[in-house]
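Below, each chain spelled out in residue letters.
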Amino acid sequence: MTSLCRLFFSAVLAFAVVGCGAQYDPAANLTPDEAEGLRVVEAKGCQSCHGDQGRGGAGPAWTGLAGSEVELADGSVVVADEAYLLRSILDPSADLVAGYNLRMPPNDLTQDEAEAVVAYIGGR
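Sequence order as written defines the numbering, with residues in each chain counted from 1. Only residues with pLDDT of at least 70 are given local features in this predicted model, and only at 80 or more are side-chain atom pairs given and counted; all residues enter the totals for whole chains, interfaces and linings. Side-chain measures were taken over the full set of non-hydrogen atoms in the model, leaving aside hydrogen atoms and water.

Caption draft 1: Up close: the side chain of His50. Secondary structure elements are taken from DSSP: a helix is a run of H or I of four residues or more, a strand is a run of E of two residues or more, and numbering for both begins at the N terminus. Tracing the sequence through the fold places His50 in helix α3 (residues 47–50). Within 3.5 Å is the distance limit for a polar contact, defined as a pair of N or O atoms, with the added protein rule that one can donate a hydrogen and the other accept it, and that residues adjacent in sequence qualify only through two side-chain atoms. Looking at His50, its side chain comes within polar contact range of the main-chain oxygen of Pro60, at 2.8 Å. The contact rule is simple, with two residues in contact once any of their heavy atoms fall within 4.5 Å. What His50 contacts, discounting residues up to four positions off in sequence, is Arg55, Gly56, Gly57, Gly59, Pro60, Trp62 and Met104.

Caption draft 2: Representation of the side chain of Glu113 within the structure. You can see Glu113 is positioned in helix α5 (residues 111–122). Each residue gets one of three labels from its accessible area relative to the maximum for its type: buried under 20%, exposed over 50%, partly exposed in between, using a 1.4 Å probe on protein chains only. Charge counting treats Lys and Arg as positive and Asp and Glu as negative, with His and both chain ends excluded. One side-chain nitrogen of Lys or Arg within 4 Å of one carboxyl oxygen of Asp or Glu is enough to make a salt bridge. Although Glu113 is buried, it makes no salt bridge; Arg39 carries the closest opposite charge, 4.4 Å away. With near-sequence residues (within four places) excluded, Glu113 lies in contact with Arg39, Val40, Lys44 and Asp108.

Caption draft 3: Here's a closer look at a negative patch on the surface. Together, Asp33, Asp81, Glu82, Asp112 and Glu115 make up a region of like negative charge exposed at the surface. Here Glu82 lies in helix α4 (residues 82–90). Patch rule: a residue counts if its relative accessible area is over 30% and it has no salt bridge; like charges are joined within 9 Å, and nonpolar side chains (Val, Leu, Ile, Met, Phe, Trp, Tyr) within 5 Å. Only the protein chains shown count as cover for residues, with accessible areas throughout obtained via the Shrake-Rupley method and a probe of 1.4 Å. To locate a charge, take atom NZ for lysine, CZ for arginine, CG for aspartate or CD for glutamate.

Caption draft 4: Here's a closer look at the packing of aromatic side chains. Between the rings of Phe, Tyr and Trp (Trp by its six-membered ring), a pair exists once the centres lie within 6.5 Å; its type follows the angle of the planes, with under 30 degrees stacked, over 60 edge-to-face, and the other angles tilted. This model, assessed by the stated rule, comprises 1 aromatic pair. When the centroid spacing of 6.2 Å and the interplanar angle of 85° are considered together, the rings of Trp62 and Tyr120 count as edge-to-face. Of this pair, Trp62 sits in the loop between α3 and β1 (69–71) while Tyr120 sits in helix α5, placing them 58 residues apart in sequence. Both residues of the pair, Trp62 and Tyr120, belong to the buried class.

In short, shape yes, function no, at least from these values alone.
Right, dumping it as structure tokens:
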């Protein structure tokens, strides 16, 4: 192998090793309200149903949710605006999302905590 090829492969290997060691920081680039929402989401275990980074799972995904249209179990469609998100968090049985059999249990979030979670969801 020529020295140029060895140099190229060494550089590729070095970048791969550095890239593999990078850590995901979920709080990077969040506003203070979004960071508080992330803290609440992590403390209350919301990710166990809504998935890592809000990508979905047993419960609906948060990624791209804010401002989108959501089909409800009754066939109606709503916009996932701040009012909808707050209502869904504070009164989980108010608007049931189509396609999800597992229902979000009641929670003990305060209005401030729910608003922080809405800010976090809005930033995703």
